[in-house]
Amino acid sequence: IVLNDKDNPPTAEDLINAALADHKRKEYSIAKDRFSKALEISDNDELKQKCYTYLFDIAYKRNNYKEAFGLASSISDNCVANEKKAYAVAMSAPNCGSTPIEKSLIYCLALDYAEKSCGNVGSSTMNSWKSALLSMQELVMMNETQGSTYNVSCWNKSTILRSKD
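Residues numbered from 1 in each chain as written. Predicted model: local features only at pLDDT ≥ 70, side-chain atom pairs only at ≥ 80, totals over all residues. Heavy atoms only, no water.

*Asks:* Account for the packing of helix α7 (residues 100–115) against helix α8 (residues 123–131), with residues named and values stated.
*Replies:* At a closest axis distance of 9 Å, the pairing of α7 and α8 adopts a crossing angle of 155°. It follows from the interaxial angle that α7 and α8 lie roughly antiparallel. When you trace α7 past α8, the crossing you get is left-handed. Contact residues: Tyr 107, Ala 110, Leu 111, Ala 114 and Glu 115 in α7; Met 126, Trp 129 and Lys 130 in α8. (Axes fitted to C-alpha atoms, helices over the stretch in contact; angles between N-to-C directions. Helix = DSSP H or I, 4+ residues; strand = E, 2+ residues; numbered from the N terminus. Parallel < 35°, antiparallel > 145°, perpendicular 65-115°, else oblique. Left-handed = near helix turned anticlockwise from the far one by under 90°. Contact = heavy atoms within 4.5 Å.)

*Asks:* Quick rundown of helix α1 (residues 12–24)? Include the residues and the values.
*Replies:* Compared with an ideal rise of 1.5 Å per residue, which puts 13 residues at 18 Å, α1 spans 18 Å between its outermost C-alpha atoms and is within 8% of the ideal. Ala 12, Asp 14, Leu 15, Ile 16, Ala 18, Ala 19, Asp 22 and His 23 are the residues of α1 that are buried. On its buried face, α1 is in contact with α2 (28–41) and α3 (45–61). One or two steps after α1, the chain reaches Lys 26, where phi turns positive at roughly 65°. (Expected span 1.5 Å × (residues − 1). Buried < 20%, exposed > 50% of the residue type's maximum accessible area, 1.4 Å probe, protein only.)

*Asks:* Residue-level account of the packing of aromatic side chains, with values.
*Replies:* How two aromatic rings sit relative to each other is set out by the distance from centre to centre and by the angle between their planes. Per the stated rule, a full pass over the model turns up 6 aromatic pairs. With centroids separated by 5.3 Å and ring planes inclined at 15°, the aromatic side chains of Phe 35 and Tyr 54 adopt a geometry described as stacked. With a gap of 19 residues between them, Phe 35 in helix α2 and Tyr 54 in helix α3 connect regions that are remote in the sequence. Classification of Phe 35 by relative accessible area gives buried; the value is 0%. Seen from their ring centres, Phe 69 and Trp 155 are 5.0 Å apart, and the 50° between their planes marks the pair as tilted. Highlighted residues: Phe 69 in helix α4 (residues 65–72) and Trp 155 in the loop between β1 (149–152) and β2 (157–160), separated in sequence by 86 residues. (Phe/Tyr/Trp six-rings, centres within 6.5 Å; stacked < 30°, edge-to-face > 60°.)

Next up, the structure:
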């Protein structure tokens with residue numbers, strides 16, 4: 001199938017098949033362009049969901065967690081969407097949070113999404129994220145209150161402050 005024939009333009013399926021091959025070869029820029037074009041021309045929700053899933057994967061692998069989060073928001077299965085949001089948020093912690101409390105809040109937000117993922121985020125991953133939270137003693141020393149609602153500035157989302165213990 002020729003993907004650049006103006007007289008016989010590719011279908012969304014053609015673009016997705018080519019993008020899948022590009023993705024497999026780790027040619028993410030080309031795959032992203034093809035998945036995006038397929039999204040524009042497809043009327044098939046199942047194909048669109050496939051595109052969003054792979055576009056999420058590309059953004060995630062490129063460490064573009066905000067883009068990945070936005071793409072996860074387009075996934076219609078709420079369990080899968082929340083799983084992907086949880087991973088995107090958690091992976092942003094090293095670069096997004098500049099203070100210990102900010103980093104802890106990022107993991108709190110990731111755990112919020114993980115808890116809504118219908119078990120798609122495993123307990124070992126969740127335990128790892130919980131271990132990155134501040135301890136109760138640290139919160140007390142910082143004059144912070146567990147259970148209070150805070151805004152996670154780099155995500156512009158609210159979460160409830162938790163401690164690791």
